[in-house]
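Here is what each chain is made of, one letter per residue.
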Amino acid sequence: MADALPREQGVERSILQWLDGLGWETYGQDDEWGATILDREYDRGTSEVIYWNVLREQVIAINHDITEDNVDSFLNSLRRDLDHESLMAGNRAFHNLLRTGKKFNVKHENNGSTKPTYIDLIDFEHPENNRLIAANQFRVSRTHSIRPDITLFVNGIPLVQFELKSLAQDNDYYDAIDDLREYEDLVPRLFIPGLFNIAADTTELRYGAVGATHEFYEPWSDAPPEYESEIPMQQAVQALCNPETVLDILDNYVFYEQSTGGDAKIIPRHMQYYACRQILERVRADDHRRGLIWHTQGSGKSYTMLYAAKNLLERDVIDSPQVFIIVDTDKLASQMSDNLSAIGFERSEVAGSIKHLQDLIEEGKSQLVLTTIQKFQDVEPHSAGNDDIVVMSDEAHRFMEADLGSRLDAAMPHAFHFGFTGTPVHEGTSQLDRNTFREFSPEGEECLHRYSIKAGIDDELILPVFFTLWHDVEWDIDEDAMDVEFEQSFHDLPTEEKLEIIDEAFTSRELAELRPRVEAYVEKLNEHFDEKVDANGWKGMVVTPSREAAALYGELLLDARPAEEVEVLYTATGDDSKRLRQFHTTNGERDKIVRRFREEDNPKLLVVHNMLLTGFDAPVLKTMYLDRNLKNHTLLQAIARTNRPAEGKNNGEIVDFQGVFRNIDDALEYDAETRAFAARDTDELFEELEVQLEAIEEIFEDIPRDDSAETMQACLARVSKHPEKREFKQGFRRLQDLYESVSPDKRLVETDIQRRYQWLNRVFIAFRRNNNREENPEEEMREKTKEIVEEHIEVDEIKDQFPVYKISEEHLEAVEELDEPATQATSIAHATKDHLQPRVDNNPRYQRLSERVTDIVNRWQSGDMDDPEAVEKLERLERQVIELESEAEERGMTEAEFAVFSELVDNHEEVLGGENEAETLARDVCKAFNERIDTSFEGWESNEGTLDRIEVAIIDVLVKEHNRADLVKAEDFIENVRGYLVENHE
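Residues numbered from 1 in each chain as written. Predicted model: local features only at pLDDT ≥ 70, side-chain atom pairs only at ≥ 80, totals over all residues. Heavy atoms only, no water.

A.B. asks: An account of the UniProt feature "coiled-coil region" (unreviewed entry) in the protein chain is requested, with residue identities and associated values reported.
C.D. replies: Taking the UniProt record as the reference, the feature "coiled-coil region" (unreviewed entry) is found at residues 867–894. With 89% helix and 0% strand, residues 867–894 has its two end C-alpha atoms placed 38 Å apart. (UniProt positions renumbered as here; feature names shortened; annotations may be inferred. Helix = DSSP H or I, 4+ residues; strand = E, 2+ residues; numbered from the N terminus.)

Encoded structure:
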């Protein structure tokens, strides 16, 4: 069955069409590559990363002080700004040039004197003056050769790189991100001017700042009405890559964060960008002075406020404003202060005391002021020294407590005030009730900007959370410990009815302090934590309603677990009992415990009271054991502690001891969507597992469910081509995640799921050996799945059936023994591609053979070629690769000599006198390289001076020794030979 999904070239053409509609001058929509056309038109060599002749025209056009007389001098100085050892340092320096211009000494015609002038590379004030170009297949050859699929240029400067993949060809945006990161390593010079990169496949798009790691490539899933589309990919391209947004982000939304782990470039998420724009528009329009930003926790509200502050202070939105960011705890103030320092936010000051805050308000200086809401308790009314004040309050629901908000309003009565929250409060209709919406939203407006829990899950910024009810766990009633009157009244009732009455009569705090009940829960907790949480490397938190309950849990957990695994956290008072004193900690000690919980193996369990339910991000935390009756915004905050993503983490989990989730409508008085996605019943997770298992099994419909070699070959043949191959790869990954989340569960055995899953694991191991050529794929499986494999699957038997060979005659003989042509074709294709891929830059023949393998596989996958024909063609190709391996040895040539020889014979045969001349030229070029080039120091391969000397050595051999200046002029010849010399040097 042919795959209906478009190939990579189809995705590329579609994106170019959308970019054309946005106002980009597009090249490459026809048969010829766009960059090839531009290279010819503007005389660019492939070692250059900027179209200098385009930039030449543009800097003259947008700068009065640049003319034909001095433009070349200016551009020569700019070339040196591309020379940096560090990509991030170079990107930061060049970003400043793009925003503010480059300083250049301009000579006055009148008196001959010179004056330093800033020369603009981009016209931000009049964007219509810029030259906007989108071109495909922009090849850059320096030490290595790379070719992103689409590049966006502003005035000839590359700002955005696209790498595209096709699901029909067994690639997705994950592979595109890998390629982009490799490009940054191989040719960092191309990314020195870059703003961001885009990785996309047939259906999805992710973008990330230059230098971003995998986890910081994110979707752009929102759009203004003019860019909305029913096609998600088109909407993302239009919303993110329209010229206005690209230039706006470049000029106003970039931070560079310094940290011990390395510097990072930070650009906005879509909800940060659009919320900031809404704030700026409200301030500019001045029709309302309030607004609520309701963004789910984990979406980055702190940076949204920092982007808003940056734009308010640097742009012409309001005259010389004073901007306040207000947080509700000293810890959050410290974190935000660290952020300001890390990103180098220069126009900012932290209020160190109430008096300091009073002085800052009275002074009214146009800058960002960071403070806590508590410091407003003694600030004088009407003390503002600036008429243009913008206040942004983090955790806005806390702004209304202890009348501190009224004091802030009194001090700065005419300020714009924007509230930021992930958990708004809506306690009632009375004016005395706390209500975030009434406090911050104008009449008729729920919020200025909303980013919901569902949106966060869809964007994979946060994980779904599932709850399990344990409120009805039975425990032994200690009659001696119970109230005498209670026991006299109910002594004759069965235990189950006594428990029901206790549950109704006791408060949640009283229940959590009953030792027999806590003993029962701790026993069950330990079993659950060991089997479902710790087994997969995650951690847990026990939330209690009192310090006494926390201490009791701590004691019982420490009785059963090693001391280093458990820590108990609550505040201390001077008159605490002995039980409470045993867990006393100072602020500094608690900070160290929290850091170890995040970063080290131990502790594994935190027991807390009134701590860490807000502002605590620890992706390693998966499970919360909730023995406290939380509701509404406090419950949402607790849920959010478990929903932070991490590699291999499928969901967060709440184990509910109190029955909070028995009625979600009562527990969360929010809209239906918030209730539906805040937390879901664990039974839904089991149902998802059943559905996913059935979907994977359908792929192998009509194939026997046994372990024979014939069955395994039939299965591999079934998933050798798309769409079945893609469905199996992606579907099994999802299935394993679900199984790991559900297991252990007796229903897995009772419903036969475990046996069916076990058989699919056997197929998957064989698939990974045959397709990915992995020696031990079982070692990469998750913990509980690995247990099934170890106990029930003969892995050695699979290894005997599907050995992993390197390309050789032995491999081709082994392939002949396989019964299914589709399985044969898969084995040859993957073995050959694995062999060629790391060698494509070493020799042009490897590149051509790799392209031929890709072409055959694509035609086979799309149904244009049947299985036997694919096997025949791929076998022939593998033999050609084997022959190529031996040719250099037969000729007595090194790999570098053979690469230069191949370049001459294959690409310049018409101007050569034959293979003998090619051999002589190749040997002489390599001899000059070895004698003249210093390769003794680290980094010589990318050193600009060394690369120039290699080029000079090649030209000297060709011109001075062999009188072959024609080869020097041949397109890409010098760049290619230089690359082969570097790649093959040992």
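There's plenty left to go through after this.
A.B. asks: Talk me through a negative patch on the surface; I want residue IDs and the actual numbers.
C.D. replies: On the surface, a cluster of negative charge is made up of Glu783, Glu787, Glu790 and Glu791. Assignment of secondary structure puts Glu787 in helix α31 (residues 783–792). On the basis of relative accessible area, Glu787 is assigned to the partly exposed category, the value being 41%. (Patch = residues over 30% accessible without salt bridge, like charges linked within 9 Å, V, L, I, M, F, W, Y side chains within 5 Å. Areas by Shrake-Rupley, 256 points an atom, 1.4 Å probe, with all protein chains shown as cover. Salt bridge = Lys/Arg side-chain N within 4 Å of Asp/Glu carboxyl O. Lys, Arg positive; Asp, Glu negative; His and termini not counted. Charge placed at Lys NZ, Arg CZ, Asp CG, Glu CD. Buried < 20%, exposed > 50% of the residue type's maximum accessible area, 1.4 Å probe, protein only.)

A.B. asks: Lay out the sheet that holds strand β22 (residues 566–569) in plain terms, naming residues and giving numbers.
C.D. replies: Within a sheet, each strand pairs with its neighbour through backbone hydrogen bonds, oriented either parallel or antiparallel. Taken in spatial order, the seven strands make up an open sheet running β22-β23-β21-β24-β25-β20-β26, and their pairing is parallel. Edge positions in the sheet fall to β22 and β26 (680–681), since each has one partner strand and no second. (Pairing = 2+ DSSP bridges.)

A.B. asks: Talk me through the nonpolar core; I want residue IDs and the actual numbers.
C.D. replies: Leu19, Phe94, Leu159 and Leu306 are the most contacted members of the largest nonpolar core, which totals 124 residues. Ranked by residue count, the leading element in this core is helix α10 (residues 301–314), at eight residues. Excluding anything up to four places from it in sequence, Leu19 contacts Trp24, Thr26, Ala134, Ile150, Leu152, Val237 and Cys241. Listed in part, the 67 residues of the second largest apolar core include Val473, Val594, Val608 and Ile654. (Core = buried A, V, L, I, M, F, W, Y, C linked by side-chain atoms within 4.5 Å. Contact = heavy atoms within 4.5 Å.)

A.B. asks: Please provide a residue-by-residue account of the side chain of His270, values included.
C.D. replies: Mapped onto the secondary structure, His270 falls in helix α9 (residues 270–285). Overall, the relative accessible area of 3% leaves His270 in the buried class. Within the structure, His270 has its side chain in polar contact with the side chain of Ser221 (distance 3.1 Å). In terms of polar contacts, His270 uses its side chain to reach the side chain of Asp459, at 2.8 Å. (Polar contact = N/O pair within 3.5 Å; in protein donor to acceptor, adjacent residues only side chain to side chain.)

A.B. asks: Now, about empty space enclosed by the protein: what can you tell me, with residues and values included?
C.D. replies: Applying the stated rule across the entire model yields four cavities of 30 Å³ or more. In terms of lining, the largest cavity is formed by 21 residues, of which the most central are Thr296, Gln297, Ile453, Leu636 and Asn643. (1 Å grid on protein atoms, 1.4 Å probe; cavity = no way out; pocket = protein on both sides within 12 Å on 5 of 7 lines; lining within 4 Å. Points joined across faces, edges and corners; volume = space filled by probe spheres on them.)

A.B. asks: Break down the packing of aromatic side chains for me, citing the residues and quoting the values.
C.D. replies: In this structure the tally under the stated criterion is 36 aromatic pairs. Note on Phe467 and Phe661: the rings are 4.6 Å apart at their centroids and 10 degrees apart in plane angle, and the pair reads as stacked. With Phe467 in strand β20 (residues 465–469) and Phe661 in the loop between β25 (652–656) and α24 (664–667), this pair connects stretches of sequence that are 194 residues apart. By the burial criterion, Phe467 is buried, and Phe661 matches it. Here the aromatic rings of Phe700 and Trp759 are separated by 5.9 Å at their centres, their planes lie at 85 degrees, and the arrangement is edge-to-face. Of this pair, Phe700 sits in the loop between α26 (682–699) and α27 (709–718) while Trp759 sits in helix α30 (residues 753–772); the two residues are 59 residues apart in sequence, bridging distant segments of the chain. Classification of Phe700 by relative accessible area gives buried; the value is 0%. (Phe/Tyr/Trp six-rings, centres within 6.5 Å; stacked < 30°, edge-to-face > 60°.)

A.B. asks: Which residues make up the packing of helix α19 (residues 515–533) against helix α20 (residues 547–560), and what values do they have?
C.D. replies: The packing of two helices is summarised by the inter-axis angle and the distance between the axes. The interhelical angle for the contact between α19 and α20, taken along N-to-C directions, is 45 degrees, at an axis separation of 10 Å. In terms of axis orientation, α19 runs oblique to α20. Note that α19 runs across α20; the crossing there is right-handed. Of the residues in α20, those in contact with Arg515, Arg517, Val518, Glu519, Tyr521, Val522, Leu525 and Asn526 of α19 are Leu552, Tyr553, Glu555, Leu556, Leu557 and Ala560. Of the residues in the contact of α19 with α20, the class split is nine nonpolar, one polar and four charged. (Axes fitted to C-alpha atoms, helices over the stretch in contact; angles between N-to-C directions. Parallel < 35°, antiparallel > 145°, perpendicular 65-115°, else oblique. Left-handed = near helix turned anticlockwise from the far one by under 90°. Nonpolar A, V, L, I, M, F, W, Y, C, P; charged D, E, K, R; others polar.)

A.B. asks: Hey, could you go over the pattern of salt bridges for me, with residue numbers and the actual values?
C.D. replies: Summed over the entire model, instances satisfying the criterion amount to 67 salt bridges. Between Asp179 and Lys165 there is a salt bridge; the shortest N-O distance is 2.5 Å. Placement of Asp179 in helix α6 (residues 173–186) and of Lys165 in the loop between β8 (157–164) and α6 is noted, with a sequence separation of 14 residues between them. Pair check on accessibility: Asp179 and Lys165 agree, each one buried. In this structure, Glu872 and Arg876 form a salt bridge, with 3.0 Å as the shortest nitrogen-oxygen distance. In this pair, Glu872 and Arg876 are both assigned in helix α36 (residues 867–891), four residues apart and thus about one turn of the helix distant. Its relative accessible area of 46% is what places Glu872 among the partly exposed residues. Residues joined by salt bridges that share partners form a network here, namely Arg845, Arg848, Glu887, Arg891, Glu897, Asp906, Glu915, Glu919 and Arg923.

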